[in-house]
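Structural features, examined
The residues making up each chain are set out below.
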Amino acid sequence: MNARADLPGLAGPGATEHTDIAIIGSGFAGLGMAIRLRQSGEQDFLIFEKAGSVGGTWRDNHYPGCACDVQSHLYSFSFAPNPGWSRMFSPQPEIRAYLEDCTDRFALRPNLRLNHELRHAAWDEPAGGWRLEMADGKVVRARVLVSGMGGLSRPSYPDIPGLDSFEGECFHSQHWNHAYALQGKRVAVIGTGASAIQFVPQIAPKVAQLDLYQRTPPWIMPKPDREVSATEQWLFRRLPFTQKLVRTGIYWMLESRVLGFVAHPKLMKVVERIARRHLARQVRNPQLRATLTPDYTIGCKRVLISNDYYPALARSNVDVVTTGISRVERDAVILRSGSRRPVDCIILGTGFHATDPLPRGVIAGRDGVDLLDAWGDGAQAYLGTTVAGFPNLFFVVGPNTGLGHSSMVFMIESQVAYILDALRRMRREGVQAVEVREPVQRAFNEGLQGKLGHAIWSAGGCASWYIDPRSGRNTTLWPGFTWQFRRATASFRMTDYEIWPVRMPQPYESADVPEIATAAGA
Ligand code: NAP
């Protein structure tokens, strides 16, 4: 461990800790960065995690039925395969356990600072590095700051009059209250997104009455889920290339969806037909079927997958309510029609602040400029990773790196490789700090927005969290094949950056990192 502390006892208020690379967050992004640093021989890095354990979104979201909607063989690190996945789409506890296991497997515990919530990070020009202040007052000095804070970590609460005055139980899907027994209760669920469609089928059989408030119906496809057999697990363990083959097959299958999303939106008609048939097969009541049929192009919002959502809605104790909510009273939801629906519990499946992943006041760059001011008309970065005005700040899962069709872990690994290459080149060329040139960032984003303008997310006739409400720009999604992103981030071009020569001795020398697989190897 090369981290240095000014005061004895590394943690605690009043202490200053020094590290070359500070990583914020310990989800797939933060851990992926840390693992690759460790594999490259790097010692001088620390991971700061606000919670008491690792896992990011897979620690925070633990609602009933929480699972990944991307196949686990692909939704996992290419350099840490898990032959033991129990299902094609693993449930949340297994994914969380996988991340805990990776933390041990790659000996990251000594580099981990749990219960360290970043309050403020400021670029310190004279020092040529970042000054981080934690919620407990502790200060950390780091040359490089890597944000692995994720795009979907801040819950979004609906602005419904009277919600605060509700005297029953109320929680957001991310803050599920497992201590509250839903058995026999009258429950209102607000929202019909990716989270709600997973927990509604779990709670519907338990509750006395479930009112599902739907503003926009999602398109839902069948979920090709199944158990992974003991024979398959044995094979993956004994002959790891077999799991790699499965991974590669899934990768290309998912990648083919881009053709419909971006290149030929008309292809989505075929997908839409499958979704309509799925709905028709699972919902016999024509009125309910009409209520659940979207009126926008499939793919415009995230396409969801489920085999048990529609059957849950067909239950006699479930009502899909499409009349908007006017207000909430002490013990009831009042509809715009004036009708009153008494409830014991309200569950908010209302999503996250995707286009505003960070609150104001957390990151200040050169000249003290707040990141949110730099992003006045929506988040943007170069290659989703670096931002003009913010030297030595690297985002993993930054602007326009989200996907509607495949595994975010693939994108994370691409960004991590790019950052490693940056660090390697900086060391080799005696560079203390890099900052992307503004014209480079601008040209990149103009190209990106040009592509996004024609894509289904902008032209599909829907409102979604992909689009920044201020500018109308899509600031969240990568508009193309993931291998194109991997190719774009394959090597760090110093000419795209302003550079500051070295001021401090470099505290480490690292070995070459083994290459991450190319797209074909996924
Ligand atoms: P979401 O997809 O953003 O859905 C939020 C839902 O709440 C939508 O149905 C939305 O309606 C509704 N809503 C929001 N504000 C409302 C209001 N004021 N009044 C009434 N309805 C309101 O959120 P999410 O389901 O939590 O999922 C967010 C993202 O997390 C997903 O898209 C996905 O990327 C990720 N996720 C992934 C998985 C996975 O398996 N990998 C699972 C869960 C979540 P409108 O559609 O009309 O806006």
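What you see is a predicted model, and the numbers here were worked out from it, not measured in a lab.

**Notes on the pairing of strand β6 (residues 129–134)**
The element β6 is largely enclosed, with a buried count of five among its six residues. For strand β5 (residues 118–124) and β6, the ladder comprises six bridges, and the chain directions are antiparallel. In the sheet register, A121 faces β6, and the bridge partner there is L132. The loop that links β6 with its antiparallel partner strand β7 (residues 139–147) comprises four residues; one of these, G137, has a positive phi angle of about 95 degrees.

**Quick look at the sheet that holds strand β14 (residues 325–329)**
One open sheet holds the three strands; their spatial order is β14-β15-β16, and the pairing between them is antiparallel. Both edges of this open sheet fall to β14 and β16 (340–342), since each of them pairs with a single strand only. Here the strands of the sheet are splayed against their neighbours by 20 degrees on average, with no regard to which way each runs.

**Quick look at unusual backbone geometry**
One non-glycine residue with positive phi stands out, namely N115, at about 55 degrees. Here N115 is to be found in the loop between β4 (112–113) and β5. The backbone phi angle of N392 is positive, close to 55 degrees, even though this residue is not glycine. By secondary structure assignment, the location of N392 is in the loop between α11 (371–374) and β19 (393–395).

**Considerations on the packing of helix α1 (residues 28–39) against helix α12 (residues 408–428)**
Their axes nearest at 9 Å, the elements α1 and α12 cross at an angle of 45 degrees. When the axis of α1 is compared with that of α12, the two are oblique. Here the hand of the crossing between α1 and α12 comes out right-handed. Across from F28, A29, G32, M33, R36 and L37 in α1, the residues of α12 making contact are V409, I412, V416, I419, L420 and L423. Taken together, the residues that form the contact of α1 with α12 break down as ten nonpolar, one polar and one charged.

**A short note on the sheet that holds strand β13 (residues 318–321)**
In any sheet, the strands associate via hydrogen bonds between backbone groups, in a parallel or an antiparallel arrangement. The strand order β8-β17-β9-β10-β13 describes an open sheet built from five strands, whose pairing is parallel. Each edge of the open sheet carries a strand with a single partner, namely β8 (169–172) and β13. Averaged over neighbouring strand pairs, the angle between their axes works out to 15 degrees when direction is ignored. In this sheet, β13 lies alongside strand β10 (residues 209–213) in parallel orientation, the contact comprising four bridges. Considered in β13, the bridge of D211 is made with D319. On the sheet, helix α4 (residues 196–203) packs against β9 (186–190), β10 and β17 (345–348) and is oriented at approximately 170 degrees with respect to β9.

**Structural notes on the confidence of the model for the protein chain**
Chain-level statistics for the protein chain give a pLDDT mean of 92 and a share of 93% at 70 or above. Under a pLDDT of 50 for its full length, residues 505–522 has, in the predicted model, 46 contacts with residues more than four places off or in other chains.

**A word on the pattern of salt bridges**
Pairing is possible between side chains that carry opposite charge, provided their charged atoms lie close to one another. Evaluation of the coordinates by the stated rule reveals 34 salt bridges. R143 is paired through a salt bridge with D20; the nearest N and O atoms lie 2.8 Å apart. With R143 in strand β7 and D20 in strand β2 (residues 16–24), the pair connects residues that are 123 residues apart, well separated along the chain. The exposure class assigned to D20 is buried, which follows from its relative accessible area of 3%. A salt bridge links E435 to R366, with the shortest nitrogen-to-oxygen separation between them at 2.7 Å. Pair noted here: E435 is in strand β20 (residues 431–436) and R366 is in the loop between β18 (363–364) and α11, with a separation of 69 residues, a long-range link.

**Describing the side chain of S26**
Position of S26 among the secondary structure elements: in the loop between β2 and α1. Within polar-contact distance, the side chain of S26 engages the side chain of E49 at 2.7 Å.

**Section: the site of the ligand**
With respect to spatial proximity, 22 residues lie near the ligand, and among them A67, A194, S195, T216 and K301 are the closest. Contact distances for the ligand include 2.7 Å between an oxygen atom and a side-chain N or O atom of K301. Coverage of the ligand by the protein amounts to 82% of the 900 Å² it exposes when considered alone. Partitioned by chemical class, the residues of the shell around the ligand number nine nonpolar, nine polar and four charged. Counting contributing residues, the shell around the ligand receives three or more from each of domain 1 (16–154 + 354–520) and domain 2 (163–224 + 251–348).

**Some details on the state of the cysteines**
Inspection of every chain in the model, using the stated rule, returns one disulfide. The residue that forms a disulfide with C300 is C462, at a sulfur-sulfur distance of 2.0 Å. Around the S-S axis, the bridge from C300 to C462 shows a dihedral of about -90 degrees and counts as left-handed. One end of the pair, C300, is in the loop between α9 (286–291) and β12 (304–305); the other, C462, is in the loop between α14 (456–459) and α15 (482–488), and 162 residues separate them in sequence. Free cysteine: C68, not disulfide-bonded; nearest cysteine sulfur from C66 at 8.8 Å. A relative accessible area of 3% places C68 in the buried class. Cysteine C170 shares no disulfide, and the gap to the nearest cysteine sulfur, in C345, comes to 7.3 Å. By relative accessible area, C170 is classed as partly exposed at 33%.

**Quick notes on the side chain of T489**
Tracing the backbone through its elements, the reader meets T489 in the loop between α15 and β21 (497–501). Judged by its relative accessible area of 1%, T489 is buried. Looking at T489, its side chain comes within polar contact range of the main-chain oxygen of F485, at 2.7 Å. Setting aside its immediate chain neighbours within four residues, T489 contacts L383, S414 and Y418.

**Section: a nonpolar patch on the surface**
Residues W234, L235, L239, F241 and L245 make up a contiguous nonpolar surface patch of roughly 500 Å² in combined accessible area. Listed by contribution, the elements that provide at least two residues to the nonpolar patch are α5 (230–238) and α6 (240–255).

Parameters and conventions
- Residues numbered from 1 in each chain as written.
- Predicted model: local features only at pLDDT ≥ 70, side-chain atom pairs only at ≥ 80, totals over all residues.
- Heavy atoms only, no water.
- Buried < 20%, exposed > 50% of the residue type's maximum accessible area, 1.4 Å probe, protein only.
- Helix = DSSP H or I, 4+ residues; strand = E, 2+ residues; numbered from the N terminus.
- Pairing = 2+ DSSP bridges.
- Axes fitted to C-alpha atoms, helices over the stretch in contact; angles between N-to-C directions.
- Parallel < 35°, antiparallel > 145°, perpendicular 65-115°, else oblique.
- Left-handed = near helix turned anticlockwise from the far one by under 90°.
- Contact = heavy atoms within 4.5 Å.
- Nonpolar A, V, L, I, M, F, W, Y, C, P; charged D, E, K, R; others polar.
- pLDDT = per-residue confidence, 0-100.
- Salt bridge = Lys/Arg side-chain N within 4 Å of Asp/Glu carboxyl O.
- Polar contact = N/O pair within 3.5 Å; in protein donor to acceptor, adjacent residues only side chain to side chain.
- Near = heavy atom within 4 Å.
- Areas by Shrake-Rupley, 256 points an atom, 1.4 Å probe, with all protein chains shown as cover.
- Domains from an automatic or database assignment.
- Disulfide = S-S within 2.5 Å.
- Patch = residues over 30% accessible without salt bridge, like charges linked within 9 Å, V, L, I, M, F, W, Y side chains within 5 Å.

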